[in-house]
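# Notes for the structure review
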Amino acid sequence: MISRAEVAKLLEVRTAGPSLLSLYLWVPLDPAGLRGLPARAGELFALAARDGPGIPAAVRVGAADARAVRGLLASRGRDWLGHTVAVFACAGLGLAEAIPLPCQLQERAVLATRPHVRPLLLAIQHCPAYRVAVVDRRHAWLFSIAGTKISTAALPPAEGVRSHGFSGWYGLEAHRVNERIIQLARHHYHDTATLLEQTARASGAEPLIIAGHQDTIPQFLAILPAGLRDHFAGSFVADPHTLTPAKVRDLAGRVIQDRGNLQDQHIAAEFLREPPDGRTVTGLSACLAAAGQHAIQLLLVPAGGLVPGYACQRCGALSSTGDGCPHGAPGSLAVPDLIEELAVATLCDGGQVETLRDPPGGIAARLRYAQPLPLRVTRSIGLDGAAWPAACTCCDADAPAAAQPPLRDGPGWT
Ligand SMILES: [Zn+2]
(Lines give C-alpha, C1' and ligand atoms only; values in the text may rest on other atoms or scores of the structure.)
Protein backbone atom coordinates (compact mmCIF):
# COMPACT_ATOMS: atom_id res chain seq x y z
CA MET A 1 0.00 0.00 0.00
CA ILE A 2 1.26 3.43 -0.91
CA SER A 3 1.71 5.83 1.99
CA ARG A 4 1.99 9.59 2.30
CA ALA A 5 5.65 9.15 3.24
CA GLU A 6 6.26 7.33 -0.05
CA VAL A 7 4.52 10.13 -1.94
CA ALA A 8 6.76 12.66 -0.19
CA LYS A 9 9.79 10.60 -1.21
CA LEU A 10 8.63 10.48 -4.83
CA LEU A 11 8.20 14.25 -4.83
CA GLU A 12 11.91 14.62 -4.09
CA VAL A 13 12.70 13.12 -7.51
CA ARG A 14 13.36 15.82 -10.13
CA THR A 15 14.67 16.09 -13.65
CA ALA A 16 15.84 19.19 -15.45
CA GLY A 17 13.29 18.83 -18.27
CA PRO A 18 9.85 17.23 -18.61
CA SER A 19 11.23 13.75 -19.24
CA LEU A 20 9.97 11.82 -16.22
CA LEU A 21 7.14 9.48 -17.21
CA SER A 22 4.29 8.74 -14.79
CA LEU A 23 1.99 6.02 -16.14
CA TYR A 24 -1.23 4.86 -14.46
CA LEU A 25 -2.49 1.73 -16.17
CA TRP A 26 -5.34 -0.63 -15.34
CA VAL A 27 -4.33 -4.29 -15.42
CA PRO A 28 -7.41 -6.43 -16.09
CA LEU A 29 -8.29 -9.30 -13.79
CA ASP A 30 -8.28 -11.74 -16.71
CA PRO A 31 -4.68 -12.80 -17.53
CA ALA A 32 -5.65 -12.86 -21.21
CA GLY A 33 -5.88 -9.05 -20.98
CA LEU A 34 -2.12 -8.80 -20.34
CA ARG A 35 -1.44 -9.12 -24.05
CA GLY A 36 -3.17 -5.82 -24.76
CA LEU A 37 -1.31 -3.79 -22.12
CA PRO A 38 1.70 -2.64 -24.21
CA ALA A 39 -0.66 -1.28 -26.87
CA ARG A 40 -2.76 0.50 -24.26
CA ALA A 41 0.37 1.99 -22.70
CA GLY A 42 1.39 3.18 -26.16
CA GLU A 43 -1.96 4.96 -26.58
CA LEU A 44 -1.44 6.74 -23.27
CA PHE A 45 2.14 7.66 -24.25
CA ALA A 46 0.78 9.32 -27.39
CA LEU A 47 -1.65 11.37 -25.29
CA ALA A 48 1.20 12.50 -23.00
CA ALA A 49 3.18 13.97 -25.92
CA ARG A 50 3.00 17.73 -26.15
CA ASP A 51 4.62 20.74 -27.70
CA GLY A 52 3.88 24.43 -28.12
CA PRO A 53 4.58 27.61 -26.15
CA GLY A 54 6.64 27.09 -23.00
CA ILE A 55 7.98 23.74 -24.23
CA PRO A 56 11.59 24.08 -25.38
CA ALA A 57 11.51 20.89 -27.46
CA ALA A 58 8.73 18.49 -28.32
CA VAL A 59 8.00 16.29 -25.31
CA ARG A 60 7.67 12.59 -26.07
CA VAL A 61 8.04 9.39 -24.07
CA GLY A 62 11.62 8.27 -24.65
CA ALA A 63 12.32 4.93 -26.32
CA ALA A 64 14.26 3.69 -23.28
CA ASP A 65 11.39 4.53 -20.92
CA ALA A 66 8.85 2.87 -23.22
CA ARG A 67 11.06 -0.24 -23.21
CA ALA A 68 11.34 -0.14 -19.42
CA VAL A 69 7.54 0.01 -19.10
CA ARG A 70 7.04 -2.87 -21.53
CA GLY A 71 9.65 -4.89 -19.60
CA LEU A 72 7.90 -4.29 -16.28
CA LEU A 73 4.52 -5.22 -17.74
CA ALA A 74 5.94 -8.43 -19.21
CA SER A 75 7.79 -9.51 -16.07
CA ARG A 76 5.37 -8.43 -13.36
CA GLY A 77 1.99 -7.92 -15.05
CA ARG A 78 0.64 -11.15 -13.57
CA ASP A 79 1.28 -9.80 -10.07
CA TRP A 80 -0.94 -6.79 -10.79
CA LEU A 81 -4.10 -8.46 -12.12
CA GLY A 82 -7.12 -6.44 -11.01
CA HIS A 83 -5.03 -3.44 -10.00
CA THR A 84 -4.11 -0.07 -11.39
CA VAL A 85 -0.33 0.06 -11.51
CA ALA A 86 1.67 3.28 -11.31
CA VAL A 87 4.97 3.23 -13.20
CA PHE A 88 7.55 6.00 -12.88
CA ALA A 89 10.33 5.89 -15.45
CA CYS A 90 13.17 8.18 -16.42
CA ALA A 91 16.20 6.70 -18.15
CA GLY A 92 18.25 9.80 -17.37
CA LEU A 93 17.80 9.16 -13.64
CA GLY A 94 17.99 5.38 -13.86
CA LEU A 95 14.43 5.27 -12.56
CA ALA A 96 11.98 2.46 -13.40
CA GLU A 97 9.66 1.83 -10.47
CA ALA A 98 6.21 0.24 -10.36
CA ILE A 99 3.67 0.54 -7.57
CA PRO A 100 0.46 -1.53 -7.68
CA LEU A 101 -2.44 0.45 -6.25
CA PRO A 102 -5.37 -0.94 -4.29
CA CYS A 103 -8.18 0.31 -6.51
CA GLN A 104 -9.06 1.18 -10.08
CA LEU A 105 -8.01 4.71 -11.01
CA GLN A 106 -8.28 6.82 -14.14
CA GLU A 107 -5.60 5.82 -16.65
CA ARG A 108 -3.13 8.46 -17.75
CA ALA A 109 0.45 9.09 -18.78
CA VAL A 110 2.16 12.33 -17.83
CA LEU A 111 5.58 13.69 -18.73
CA ALA A 112 6.87 16.23 -16.25
CA THR A 113 9.90 17.21 -14.22
CA ARG A 114 8.80 15.06 -11.29
CA PRO A 115 6.39 12.18 -10.61
CA HIS A 116 2.69 12.92 -11.09
CA VAL A 117 1.13 12.00 -7.74
CA ARG A 118 -2.53 13.09 -7.81
CA PRO A 119 -3.81 9.53 -8.39
CA LEU A 120 -1.66 8.31 -5.50
CA LEU A 121 -3.24 10.87 -3.17
CA LEU A 122 -6.66 9.69 -4.34
CA ALA A 123 -5.75 6.05 -3.67
CA ILE A 124 -4.51 6.84 -0.16
CA GLN A 125 -7.68 8.76 0.63
CA HIS A 126 -10.30 6.47 -0.91
CA CYS A 127 -8.76 3.00 -0.89
CA PRO A 128 -7.16 2.58 2.54
CA ALA A 129 -6.05 -0.67 4.08
CA TYR A 130 -8.62 -1.73 6.67
CA ARG A 131 -9.52 -4.45 9.14
CA VAL A 132 -12.66 -6.50 9.51
CA ALA A 133 -13.70 -8.28 12.71
CA VAL A 134 -16.26 -11.02 12.07
CA VAL A 135 -17.70 -11.94 15.45
CA ASP A 136 -20.33 -14.16 16.98
CA ARG A 137 -20.75 -15.15 20.63
CA ARG A 138 -18.02 -17.76 20.59
CA HIS A 139 -15.95 -17.15 17.48
CA ALA A 140 -13.98 -14.31 15.94
CA TRP A 141 -12.06 -13.95 12.71
CA LEU A 142 -9.89 -10.94 11.98
CA PHE A 143 -9.15 -9.89 8.41
CA SER A 144 -6.53 -7.37 7.29
CA ILE A 145 -7.34 -6.19 3.79
CA ALA A 146 -5.12 -4.07 1.54
CA GLY A 147 -6.27 -4.00 -2.06
CA THR A 148 -6.68 -7.63 -3.07
CA LYS A 149 -4.37 -8.87 -0.32
CA ILE A 150 -6.21 -10.48 2.57
CA SER A 151 -4.68 -11.96 5.68
CA THR A 152 -6.87 -13.85 8.12
CA ALA A 153 -6.55 -14.81 11.77
CA ALA A 154 -9.07 -16.94 13.68
CA LEU A 155 -9.33 -16.78 17.46
CA PRO A 156 -9.76 -20.10 19.32
CA PRO A 157 -13.48 -20.68 20.05
CA ALA A 158 -14.51 -19.23 23.39
CA GLU A 159 -15.78 -21.41 26.25
CA GLY A 160 -19.40 -22.40 25.80
CA VAL A 161 -22.25 -23.61 28.03
CA ARG A 162 -22.93 -27.32 27.71
CA SER A 163 -26.09 -27.74 25.73
CA HIS A 164 -27.65 -30.48 27.91
CA GLY A 165 -27.65 -28.08 30.86
CA PHE A 166 -29.67 -25.60 28.90
CA SER A 167 -32.07 -27.52 26.75
CA GLY A 168 -34.29 -29.11 29.39
CA TRP A 169 -34.24 -26.44 32.07
CA TYR A 170 -36.65 -23.64 32.60
CA GLY A 171 -37.33 -20.83 35.02
CA LEU A 172 -34.56 -19.61 37.33
CA GLU A 173 -32.01 -22.14 36.13
CA ALA A 174 -32.61 -21.22 32.50
CA HIS A 175 -32.13 -17.59 33.46
CA ARG A 176 -28.80 -18.46 35.14
CA VAL A 177 -27.64 -20.35 32.07
CA ASN A 178 -28.59 -17.45 29.86
CA GLU A 179 -26.66 -15.04 32.12
CA ARG A 180 -23.67 -17.35 31.89
CA ILE A 181 -23.84 -17.33 28.08
CA ILE A 182 -23.94 -13.52 28.08
CA GLN A 183 -21.02 -13.36 30.50
CA LEU A 184 -18.91 -15.74 28.40
CA ALA A 185 -19.76 -13.81 25.24
CA ARG A 186 -18.68 -10.59 26.95
CA HIS A 187 -15.33 -12.15 27.87
CA HIS A 188 -14.96 -13.35 24.31
CA TYR A 189 -15.72 -9.86 22.93
CA HIS A 190 -13.14 -8.35 25.28
CA ASP A 191 -10.51 -10.89 24.19
CA THR A 192 -11.27 -10.08 20.56
CA ALA A 193 -11.05 -6.33 21.21
CA THR A 194 -7.70 -6.82 22.98
CA LEU A 195 -6.34 -8.66 19.96
CA LEU A 196 -7.62 -5.90 17.68
CA GLU A 197 -5.87 -3.32 19.85
CA GLN A 198 -2.63 -5.26 19.65
CA THR A 199 -2.95 -5.45 15.86
CA ALA A 200 -3.67 -1.71 15.68
CA ARG A 201 -0.57 -0.97 17.74
CA ALA A 202 1.54 -3.13 15.44
CA SER A 203 0.18 -2.00 12.05
CA GLY A 204 -1.15 1.48 12.81
CA ALA A 205 -4.68 2.79 12.99
CA GLU A 206 -6.83 1.58 10.11
CA PRO A 207 -10.58 1.76 9.51
CA LEU A 208 -12.36 -1.07 11.33
CA ILE A 209 -15.45 -2.86 10.07
CA ILE A 210 -17.50 -5.21 12.23
CA ALA A 211 -19.52 -8.06 10.79
CA GLY A 212 -21.73 -10.74 12.28
CA HIS A 213 -25.32 -11.40 13.30
CA GLN A 214 -27.75 -8.53 13.74
CA ASP A 215 -27.65 -8.81 17.56
CA THR A 216 -23.92 -9.42 18.05
CA ILE A 217 -22.69 -6.32 16.18
CA PRO A 218 -24.08 -3.79 18.71
CA GLN A 219 -22.96 -5.99 21.63
CA PHE A 220 -19.40 -6.08 20.33
CA LEU A 221 -19.46 -2.37 19.46
CA ALA A 222 -20.55 -1.54 23.02
CA ILE A 223 -17.41 -3.03 24.57
CA LEU A 224 -14.93 -1.56 22.06
CA PRO A 225 -12.43 0.76 23.74
CA ALA A 226 -12.53 4.38 22.58
CA GLY A 227 -9.29 4.04 20.61
CA LEU A 228 -10.84 1.36 18.39
CA ARG A 229 -14.28 2.94 18.24
CA ASP A 230 -12.74 6.08 16.78
CA HIS A 231 -11.77 4.02 13.73
CA PHE A 232 -15.08 2.20 13.37
CA ALA A 233 -16.02 2.62 9.71
CA GLY A 234 -19.28 0.62 9.58
CA SER A 235 -20.69 -2.87 9.73
CA PHE A 236 -22.47 -5.51 7.70
CA VAL A 237 -24.75 -8.33 8.77
CA ALA A 238 -23.82 -11.85 7.73
CA ASP A 239 -23.73 -15.36 9.11
CA PRO A 240 -20.04 -15.70 10.07
CA HIS A 241 -19.98 -19.39 9.23
CA THR A 242 -20.95 -18.79 5.62
CA LEU A 243 -18.37 -16.06 4.91
CA THR A 244 -15.27 -16.60 2.80
CA PRO A 245 -12.34 -14.13 2.69
CA ALA A 246 -13.39 -13.02 -0.81
CA LYS A 247 -16.96 -12.41 0.37
CA VAL A 248 -15.70 -10.48 3.41
CA ARG A 249 -13.60 -8.28 1.11
CA ASP A 250 -16.54 -7.71 -1.23
CA LEU A 251 -19.01 -6.76 1.54
CA ALA A 252 -16.46 -4.72 3.53
CA GLY A 253 -15.30 -2.95 0.35
CA ARG A 254 -18.82 -1.56 -0.07
CA VAL A 255 -18.72 -0.25 3.51
CA ILE A 256 -15.38 1.47 2.83
CA GLN A 257 -16.75 2.95 -0.40
CA ASP A 258 -19.86 4.27 1.36
CA ARG A 259 -17.65 5.69 4.10
CA GLY A 260 -15.51 7.47 1.49
CA ASN A 261 -18.57 8.95 -0.21
CA LEU A 262 -19.94 10.15 3.13
CA GLN A 263 -16.61 11.70 4.05
CA ASP A 264 -16.56 13.51 0.68
CA GLN A 265 -20.05 14.85 1.27
CA HIS A 266 -19.11 15.92 4.77
CA ILE A 267 -15.98 17.75 3.59
CA ALA A 268 -17.89 19.54 0.82
CA ALA A 269 -20.79 20.45 3.15
CA GLU A 270 -18.41 21.74 5.80
CA PHE A 271 -16.61 23.82 3.20
CA LEU A 272 -19.86 25.33 1.93
CA ARG A 273 -20.91 26.15 5.50
CA GLU A 274 -17.80 28.31 6.01
CA PRO A 275 -18.72 31.92 6.76
CA PRO A 276 -18.09 34.42 3.93
CA ASP A 277 -15.03 35.86 5.66
CA GLY A 278 -12.65 35.62 2.75
CA ARG A 279 -11.08 32.38 3.92
CA THR A 280 -12.66 30.22 1.23
CA VAL A 281 -12.09 30.45 -2.50
CA THR A 282 -13.42 28.45 -5.44
CA GLY A 283 -12.25 28.16 -9.03
CA LEU A 284 -8.82 27.60 -10.53
CA SER A 285 -7.76 31.24 -10.80
CA ALA A 286 -8.51 32.00 -7.17
CA CYS A 287 -6.77 28.82 -6.01
CA LEU A 288 -3.69 29.66 -8.11
CA ALA A 289 -3.60 33.12 -6.54
CA ALA A 290 -3.92 31.67 -3.04
CA ALA A 291 -1.18 29.08 -3.71
CA GLY A 292 1.06 31.92 -4.90
CA GLN A 293 0.81 33.35 -1.41
CA HIS A 294 1.33 30.00 0.37
CA ALA A 295 -2.09 30.60 1.87
CA ILE A 296 -3.85 27.27 1.25
CA GLN A 297 -4.69 25.28 4.35
CA LEU A 298 -7.07 22.83 2.63
CA LEU A 299 -7.29 22.19 -1.11
CA LEU A 300 -10.24 20.30 -2.58
CA VAL A 301 -9.39 18.87 -6.00
CA PRO A 302 -11.32 16.75 -8.51
CA ALA A 303 -10.34 13.14 -9.14
CA GLY A 304 -10.04 13.37 -12.91
CA GLY A 305 -8.79 15.70 -15.60
CA LEU A 306 -5.52 17.39 -16.40
CA VAL A 307 -5.38 21.19 -16.72
CA PRO A 308 -2.29 22.34 -18.65
CA GLY A 309 -0.68 25.59 -17.58
CA TYR A 310 2.61 27.26 -16.78
CA ALA A 311 5.08 27.46 -13.91
CA CYS A 312 7.65 30.23 -13.68
CA GLN A 313 11.09 28.68 -13.40
CA ARG A 314 12.40 31.62 -11.41
CA CYS A 315 9.75 32.34 -8.79
CA GLY A 316 7.45 29.30 -9.02
CA ALA A 317 4.38 31.32 -10.03
CA LEU A 318 1.62 29.14 -11.51
CA SER A 319 -0.74 30.46 -14.14
CA SER A 320 -2.97 29.45 -17.00
CA THR A 321 -1.28 31.78 -19.46
CA GLY A 322 2.41 31.87 -18.61
CA ASP A 323 2.56 35.57 -17.89
CA GLY A 324 1.41 35.60 -14.30
CA CYS A 325 4.55 37.07 -12.73
CA PRO A 326 7.17 39.75 -13.41
CA HIS A 327 9.32 37.24 -15.33
CA GLY A 328 6.62 36.74 -17.94
CA ALA A 329 6.46 34.07 -20.60
CA PRO A 330 10.25 33.74 -21.15
CA GLY A 331 10.65 32.44 -17.59
CA SER A 332 7.72 30.03 -17.78
CA LEU A 333 7.72 26.33 -18.55
CA ALA A 334 4.59 24.54 -19.62
CA VAL A 335 3.31 22.05 -17.04
CA PRO A 336 0.89 19.24 -17.88
CA ASP A 337 -1.42 19.73 -14.91
CA LEU A 338 -1.98 22.84 -12.82
CA ILE A 339 -4.14 20.87 -10.37
CA GLU A 340 -1.16 18.62 -9.66
CA GLU A 341 1.05 21.70 -9.21
CA LEU A 342 -1.50 23.18 -6.78
CA ALA A 343 -1.74 19.93 -4.83
CA VAL A 344 2.03 19.61 -4.51
CA ALA A 345 2.45 23.29 -3.59
CA THR A 346 -0.22 22.88 -0.89
CA LEU A 347 1.49 19.77 0.55
CA CYS A 348 4.89 21.51 0.48
CA ASP A 349 3.36 24.42 2.38
CA GLY A 350 2.10 22.02 5.07
CA GLY A 351 -1.51 22.10 3.86
CA GLN A 352 -3.96 19.27 3.28
CA VAL A 353 -5.25 17.98 -0.07
CA GLU A 354 -8.55 16.13 -0.40
CA THR A 355 -9.83 14.61 -3.64
CA LEU A 356 -13.59 14.88 -4.12
CA ARG A 357 -15.84 13.60 -6.87
CA ASP A 358 -17.28 17.08 -7.35
CA PRO A 359 -15.50 19.80 -5.35
CA PRO A 360 -17.24 23.19 -5.01
CA GLY A 361 -16.47 25.31 -8.07
CA GLY A 362 -14.50 22.45 -9.66
CA ILE A 363 -11.60 23.17 -7.28
CA ALA A 364 -11.67 25.02 -3.98
CA ALA A 365 -9.47 26.05 -1.08
CA ARG A 366 -9.73 27.13 2.51
CA LEU A 367 -7.04 29.66 3.35
CA ARG A 368 -4.91 30.11 6.42
CA TYR A 369 -5.64 33.79 6.57
CA ALA A 370 -8.84 35.73 6.46
CA GLN A 371 -8.93 38.65 4.08
CA PRO A 372 -6.95 40.77 3.64
CA LEU A 373 -4.05 38.45 2.85
CA PRO A 374 -0.61 39.52 4.08
CA LEU A 375 1.08 42.14 1.93
CA ARG A 376 4.33 40.14 1.71
CA VAL A 377 3.90 38.28 -1.55
CA THR A 378 6.35 35.53 -2.38
CA ARG A 379 4.68 34.08 -5.47
CA SER A 380 2.43 36.22 -7.55
CA ILE A 381 -0.18 35.05 -10.00
CA GLY A 382 -2.76 37.14 -11.73
CA LEU A 383 -6.37 36.33 -11.22
CA ASP A 384 -7.61 34.63 -14.34
CA GLY A 385 -4.10 34.92 -15.72
CA ALA A 386 -3.86 38.72 -15.46
CA ALA A 387 -0.28 39.70 -14.72
CA TRP A 388 0.70 42.27 -12.19
CA PRO A 389 4.05 43.32 -10.79
CA ALA A 390 4.86 42.08 -7.32
CA ALA A 391 7.64 40.80 -5.12
CA CYS A 392 9.42 37.59 -6.03
CA THR A 393 11.31 35.18 -3.78
CA CYS A 394 14.17 34.61 -6.17
CA CYS A 395 14.99 38.14 -7.25
CA ASP A 396 13.34 40.24 -4.52
CA ALA A 397 12.10 42.57 -7.21
CA ASP A 398 9.71 44.41 -4.94
CA ALA A 399 6.77 46.09 -6.51
CA PRO A 400 4.49 48.62 -4.87
CA ALA A 401 1.85 46.92 -2.78
CA ALA A 402 -0.72 49.17 -4.39
CA ALA A 403 0.01 47.50 -7.71
CA GLN A 404 -1.34 44.19 -6.41
CA PRO A 405 -4.95 43.52 -7.32
CA PRO A 406 -7.53 43.38 -4.55
CA LEU A 407 -7.85 39.60 -4.25
CA ARG A 408 -11.19 39.75 -2.53
CA ASP A 409 -12.83 41.31 -5.55
CA GLY A 410 -11.28 38.90 -7.99
CA PRO A 411 -13.45 36.44 -9.88
CA GLY A 412 -13.99 33.10 -8.19
CA TRP A 413 -13.71 34.35 -4.64
CA THR A 414 -16.61 33.54 -2.38
ZN1 LIG B 1 8.33 34.45 -11.92
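Structure's up top.
Here's what I pulled together on the structure shown here. Values in this document were obtained by computation on a predicted structure and should not be read as measured data.

Criteria and cut-off values
- Residues numbered from 1 in each chain as written.
- Predicted model: local features only at pLDDT ≥ 70, side-chain atom pairs only at ≥ 80, totals over all residues.
- Heavy atoms only, no water.
- Helix = DSSP H or I, 4+ residues; strand = E, 2+ residues; numbered from the N terminus.
- Buried < 20%, exposed > 50% of the residue type's maximum accessible area, 1.4 Å probe, protein only.
- Contact = heavy atoms within 4.5 Å.
- Areas by Shrake-Rupley, 256 points an atom, 1.4 Å probe, with all protein chains shown as cover.
- Disulfide = S-S within 2.5 Å.
- Donors = N, O, S within 2.8 Å, 3.2 Å for Na, K, Ca; no water.
- Tetrahedral: all angles 85-135°; square planar, octahedral: opposite > 155°, others 65-115°.
- Core = buried A, V, L, I, M, F, W, Y, C linked by side-chain atoms within 4.5 Å.
- Pairing = 2+ DSSP bridges.
- Axes fitted to C-alpha atoms, helices over the stretch in contact; angles between N-to-C directions.

To continue, consider the overall build of the protein. For the protein, the count of helices and strands is eleven helices and 16 strands. Across the 414 residues in the protein, those meeting the buried criterion constitute 49%. The contacts in the protein between residues at least 6 apart in sequence include a share of 71% that link residues at least 24 apart. As displayed, the protein offers around 19400 Å² of accessible surface, 55% of which is attributable to carbon and sulfur atoms.

Note on terminology: a disulfide is the covalent bond linking the sulfur atoms of two cysteines. Counted under the stated rule, the structure contains one disulfide. One disulfide bridge connects Cys 103 with Cys 127, the sulfur atoms lying 1.9 Å from each other. Residues Cys 103 and Cys 127 are joined through a disulfide that is right-handed, its torsion about the S-S bond being 85°. With Cys 103 in the loop between β3 (95-101) and β4 (108-112) and Cys 127 in the loop between α4 (118-126) and β5 (130-135), this residue pair connects regions lying 24 residues apart in the sequence.

Take the coordination of the zinc ion next. Cys 312 (SG), Cys 315 (SG), Cys 325 (SG) and His 327 (ND1) make up the full set of protein donors to the zinc ion, lying at 2.1 to 2.3 Å. Coordination at the zinc ion is tetrahedral: its four donor atoms span angles of 101 to 119° at the metal. Positions of the donor residues of the zinc ion, expressed as sequence spacing, correspond to C-x2-C-x9-C-x1-H. Residue Cys 312 is located in strand β12 (residues 309-312), and its partner Cys 325 is located in the loop between β13 (318-319) and β14 (332-335); the two are separated by 13 residues in the primary sequence. Look at Cys 312 and you get buried, because its relative accessible area is 4%.

The subject of this paragraph is the nonpolar core. Core analysis: the biggest nonpolar cluster contains 42 residues, and Val 7, Phe 88, Leu 101, Leu 120, Leu 299 and Leu 342 have the highest contact counts within it. Not counting residues within four places of it along the chain, the set of residues in contact with Leu 342 comprises Leu 284, Cys 287, Leu 288, Ala 291, Leu 299, Leu 318 and Ile 363. Judged by nonpolar contacts, the second largest core, of 27 residues, contains Ala 48, Ala 66, Leu 73 and Val 87.

It is worth spelling out the sheet that holds β4 at this point. Pairing is antiparallel across the open sheet formed by four strands, whose spatial order is β3-β2-β1-β4. Both outer strands of the open sheet, β3 and β4, are each paired with one neighbouring strand and no more. Each neighbouring strand pair of the sheet contributes to a mean axis angle of 15°, computed without reference to strand direction. Relative to β3, strand β2 (residues 83-90) runs antiparallel, the two being bridged by seven bridges. The partner of Cys 90 across the bridge, within β3, is Leu 95.

The next thing to look at is the sheet that holds β14. The strand order β13-β12-β14 describes an open sheet built from three strands, whose pairing is antiparallel. The outermost strands of the open sheet, each flanked by one partner alone, are β13 and β14. Here β12 pairs with β13 via two bridges, running antiparallel. Considered in β13, the bridge of Ala 311 is made with Leu 318.

Its identity as a non-glycine residue notwithstanding, His 294 has a phi of 55°, on the positive side. Residue position: His 294 is located in the loop between α10 (284-292) and β11 (296-302). Its relative accessible area of 25% is what places His 294 among the partly exposed residues.

The element β4 is extensively covered by neighbouring structure, given that five of its five residues are classed as buried. Side chains Arg 108, Val 110 and Ala 112 of β4 all project onto a buried face; the interleaved residues Ala 109 and Leu 111 project onto the opposite face, where all are buried too. Both strand β1 (residues 20-27) and β4 contribute to a ladder of five bridges, which runs antiparallel. In the strand pairing of β4, Leu 20 is matched with Ala 112.

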